[in-house]
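Here is what each chain is made of, one letter per residue.
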Amino acid sequence: MAEEIQISAGSKEEKYKDLLPQVRAVVETETDPIANMANVASMLHETFGFWWTGFYRVLDGELVLGPFQGPLACTRIKKGKGVCGTAWERAATVIVPDVDAFPGHIACSSLSRSEIVVPVQRDGEVIAVLDIDSKDLATFDEVDKKYLEEVVSVL
Ligand code: SME
């Protein structure tokens, strides 16, 4: 495996297309889920320069903070609470163009303006969520949803 990821300076979609095989290569060679979540958070964060990129794992009926890149974050989120708990409850990706317009949004960082949360599923169960925050409004769209769902499917 190369020591550094190689990403072309193209569109967002081109970057995701460059990143995906490299994510697969990294994850294929490691069985530990926390190690893999740590590298996936790093690869996404470095590629796109997001504000916060990380995982919450489902542990004992709650979401518990897992590997991430970015500022300090809240450690536990209940089912149905915030964007993360909503994505978990619905077992579906949630895109929030403006966090101030999302009822119940949990503001870990006051600088976060938009967000996407993608559930990580195994055997039909949500086992974790990938949460990405941006300092800009409306950063995330269907392109992010499509590729991030592919990214988490390899975990
Ligand atoms: N904003 C999230 C909480 C997690 S932080 O953004 C890292 C939410 O509403 O679930």
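In this report, we go over the structure that sits alongside the text. (Residues numbered from 1 in each chain as written. Predicted model: local features only at pLDDT ≥ 70, side-chain atom pairs only at ≥ 80, totals over all residues. Heavy atoms only, no water.)

## Regarding the sheet that holds strand β3 (residues 76–77)
In any sheet, the strands associate via hydrogen bonds between backbone groups, in a parallel or an antiparallel arrangement. With antiparallel pairing, six strands are arranged side by side in an open sheet as β3-β2-β1-β6-β5-β4. Here the strands that pair on one side only, and so sit at the sheet edges, are β3 and β4 (94–96). Across six bridges, strand β1 (residues 52–59) lies against strand β6 (residues 125–134) in antiparallel orientation. From the neighbouring strand, G54 faces β6, where its bridge partner is D131. Running over the sheet, helix α2 (residues 33–48) touches β1, β2 (62–69) and β6 and is turned about 155 degrees from β1. Strands β4, β5 (114–122) and β6 of the sheet are contacted by helix α4 (residues 142–153), whose axis makes an angle of about 30 degrees with β5. (Pairing = 2+ DSSP bridges. Helix = DSSP H or I, 4+ residues; strand = E, 2+ residues; numbered from the N terminus. Contact = heavy atoms within 4.5 Å. Axes fitted to C-alpha atoms, helices over the stretch in contact; angles between N-to-C directions.)

## Description of the environment of T139
Examined against the element boundaries, T139 turns out to sit in the loop between β6 and α4. According to the relative accessible area criterion, T139 is partly exposed, its value standing at 23%. Considered as a pair, T139 and G70 are 69 residues apart in the sequence and their alpha carbons are 17 Å apart. Not counting residues up to four positions away in its chain, the partners in contact with T139 are K12, S114, S134 and D144. (Buried < 20%, exposed > 50% of the residue type's maximum accessible area, 1.4 Å probe, protein only.)

## Some details on the site of the ligand
Among the 13 residues in the neighbourhood of the ligand, the closest are listed as V83, C84, I106, E115 and D133. Between V83 and the ligand, the recorded distance is 2.9 Å, taken from a backbone N or O atom to an oxygen atom. Contacts to the ligand include E115, whose side-chain N or O atom sits 3.0 Å from a nitrogen atom. Compared with its free state, where it exposes 310 Å², the ligand has 100% of that area covered by protein. For the shell around the ligand, the secondary structure elements donating two or more residues are β1, α3 (82–90) and β6. (Near = heavy atom within 4 Å. Polar contact = N/O pair within 3.5 Å; in protein donor to acceptor, adjacent residues only side chain to side chain. Areas by Shrake-Rupley, 256 points an atom, 1.4 Å probe, with all protein chains shown as cover.)

## Thoughts on the side chain of E115
Among the secondary structure elements, E115 is positioned in strand β5. There is a polar contact of 3.2 Å between the side chain of E115 and the side chain of H105. Non-local contacts of E115, meaning those with residues more than four positions away in its chain, are made with V83, C84, V94, I95, V96, V99, H105, D131, I132, D133 and F140.

## Focus on the packing of helix α1 (residues 12–28) against α4
For the pair α1 and α4, the least separation of the axes is 10 Å and the interaxial angle reads 5 degrees. Here α4 runs roughly parallel to α1, going by the angle between their axes. Mapping the contact onto sequence places K12, E13, Y16, K17, L20, V23 and R24 in α1 and V143, D144, K146, Y147, L148, E150 and V151 in α4. Grouping the amino acids of the contact of α1 with α4 by side-chain chemistry returns seven nonpolar, no polar and seven charged. (Parallel < 35°, antiparallel > 145°, perpendicular 65-115°, else oblique. Nonpolar A, V, L, I, M, F, W, Y, C, P; charged D, E, K, R; others polar.)

## Description of the packing of aromatic side chains
Enumeration according to the criterion identifies six aromatic pairs in this entry. Each ring, one from Y16 and one from Y147, has its centre 5.3 Å from the other, and the planes form 5 degrees; the classification is stacked. You can see Y16 sitting in helix α1 and its partner Y147 sitting in helix α4, a full 131 residues away along the chain. You can call Y147 buried: its relative accessible area is 3%. Aromatic ring contacts, followed pair by pair, group Y16, F48, F50, F140 and Y147 into a single cluster. (Phe/Tyr/Trp six-rings, centres within 6.5 Å; stacked < 30°, edge-to-face > 60°.)

## Considerations on α1
Each α-helix turn comprises 3.6 residues. Residues three or four places apart therefore point the same way. With 17 residues, α1 extends 24 Å between its outermost C-alpha atoms, agreeing within 8% with the 24 Å of an ideal straight helix rising 1.5 Å per residue. At L19, α1 shows its largest bend, some 25 degrees, and a proline, P21, comes one to four positions later. For α1, every residue scored as buried is listed here: Y16, L19, L20, V23, V26 and V27. (Expected span 1.5 Å × (residues − 1). Bend = angle between axes of the 7 residues up to and from the residue.)

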